[in-house]
Amino acid sequence: MKKNIYYLFAMMMVAMLSVGFASCGGDDEAGGTPGGGGGQPPTGKSKIIGCWQSVSFVEYDKSGEPVSTTESGEICMRFGNDTGAFYEYDGGQWHAFDPFTYYIKDNILNMDCGDEGIDIYEIVTLNDDKLVLKENFNGEYGGEPSGGWEISEYKKIGDSALPNLK
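Residues numbered from 1 in each chain as written. Predicted model: local features only at pLDDT ≥ 70, side-chain atom pairs only at ≥ 80, totals over all residues. Heavy atoms only, no water.

### Quick look at the nonpolar core
In terms of nonpolar packing, the biggest core is built from 20 residues, with I48, F79, L109, M111 and L131 touching the most fellow members. The biggest single contributor to this core is strand β5 (residues 93-105), with four residues. Filtering out sequence-adjacent residues up to four positions away, I48 remains in contact with F79, Y102, I104, L109, L126 and L131. C51, C76, Y87 and W94 belong to the second largest nonpolar core, which has six residues in total. (Core = buried A, V, L, I, M, F, W, Y, C linked by side-chain atoms within 4.5 Å. Buried < 20%, exposed > 50% of the residue type's maximum accessible area, 1.4 Å probe, protein only. Helix = DSSP H or I, 4+ residues; strand = E, 2+ residues; numbered from the N terminus. Contact = heavy atoms within 4.5 Å.)

### Quick word on the side chain of S56
Following the sequence through the fold, S56 ends up in strand β1 (residues 50-60). Discounting residues that sit within four places of it in the chain, S56 has contacts with T70, E71, I151, S152 and E153.

### A few points about the pairing of strand β6 (residues 108-112)
Counting buried residues along β6, four of its five residues qualify, which places the element largely inside the surrounding structure. Bridge count between β5 and β6: five bridges; the pairing is antiparallel. Residue pairing for β6: Y102 is matched across the bridge by M111. Direction of pairing for β6 relative to strand β7 (residues 118-126): antiparallel, over a ladder of five bridges. Looking across to β7, one finds that N110 is bridged to I120. Connecting β6 to the antiparallel partner β7 that follows it, the hairpin turn spans five residues, and G114 within it adopts a positive phi of roughly 70 degrees. (Pairing = 2+ DSSP bridges.)

### Description of the pattern of salt bridges
Where charged atoms from two side chains of opposite charge come close, those side chains can pair. As enumerated under the stated definition, the model contains two salt bridges in all. Note that K47 and D128 form a salt bridge whose closest N and O atoms lie 2.7 Å from each other. One end of the pair, K47, is in the loop between α1 (2-17) and β1; the other, D128, is in the loop between β7 and β8 (130-136), with 81 residues separating them in the sequence. For K47, a relative accessible area of 15% corresponds to the buried category. (Salt bridge = Lys/Arg side-chain N within 4 Å of Asp/Glu carboxyl O.)

### Considering the packing of aromatic side chains
Both the distance between ring centres and the angle between the ring planes are used here to describe each pair of aromatic rings. Scanning the entire structure with this criterion turns up eight aromatic pairs. Between F79 and Y102 the ring centres are 4.9 Å apart and the planes differ by 80 degrees, which places this aromatic pair in the edge-to-face class. One end of the pair, F79, is in strand β3 (residues 75-79); the other, Y102, is in strand β5, and 23 residues separate them in sequence. Pair check on accessibility: F79 and Y102 agree, each one buried. Each residue in the set F79, F86, F97, F100 and Y102 is aromatic and connected to the rest through ring pairs, giving one cluster. Taking NZ or CZ as reference, K134 lies 5.0 Å from the ring centre of W149, over its face. (Phe/Tyr/Trp six-rings, centres within 6.5 Å; stacked < 30°, edge-to-face > 60°. Lys NZ or Arg CZ within 6 Å of the ring centre and 35° of its normal.)

### Let's talk about the environment of Y102
Owing to a relative accessible area of 0%, Y102 belongs among the buried residues under this scheme. Within the local environment of Y102, its side chain forms a polar contact with the backbone oxygen of G80, the two atoms lying 2.5 Å apart. Here N81 takes part through its backbone oxygen, which lies 3.4 Å from a polar atom of the side chain of Y102. (Polar contact = N/O pair within 3.5 Å; in protein donor to acceptor, adjacent residues only side chain to side chain.)

### Concerning the pairing of β1
Taken across its eleven residues, β1 has eight buried, putting it largely inside the fold. As paired strands, β1 and β3 are joined by four bridges and run antiparallel to one another. By the bridge assignment for β3, W52 is matched with M77. Relative to strand β9 (residues 149-158), β1 runs antiparallel, the two being bridged by nine bridges. Within β9, the residue paired with V58 across the bridge is I151. One ladder, built from five bridges, connects β1 with strand β2 (residues 66-71); its direction is antiparallel. Residue pairing across strands places E59 opposite S68, the latter belonging to β2. Taking the residues that link successive antiparallel strands as the turn, the β1-β2 hairpin has five residues, and the phi of G64 there is positive, at about 95 degrees.

Structure representation (structure tokens):
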């Protein structure tokens, strides 16, 4: 049962995080806010490169009330220079799913997972060890816009390595 819940969670995350446009490296600004800028979003993508493990996902309704909270460390996003992938921890090992290309412009993260579609995230916080993304639910998947949003928090676990979970 627990495995089914994790699988369902992973599939929901794939649907919500499968996003972006093809990488436009020429549009990215170099560097970022020195020293993490006290949690301020960067002007470029240098700080996002690495592996980010999920901490929590909080969904809000249009009035700003939280409607669901999920805490999990079993999803990771690994960002390279222009490409990346999502990973799920299952059966004692990491499994890649949904490779993507991405770019960042004006503190907006655009991710393209090919056939899975495009999602756009506002970068709320990006520093040396914390990434917080906001996704607005505006009906981009054919549904009615809910007016709600989701805040996703990640912690940086390394420049490229995936963690060993027990």
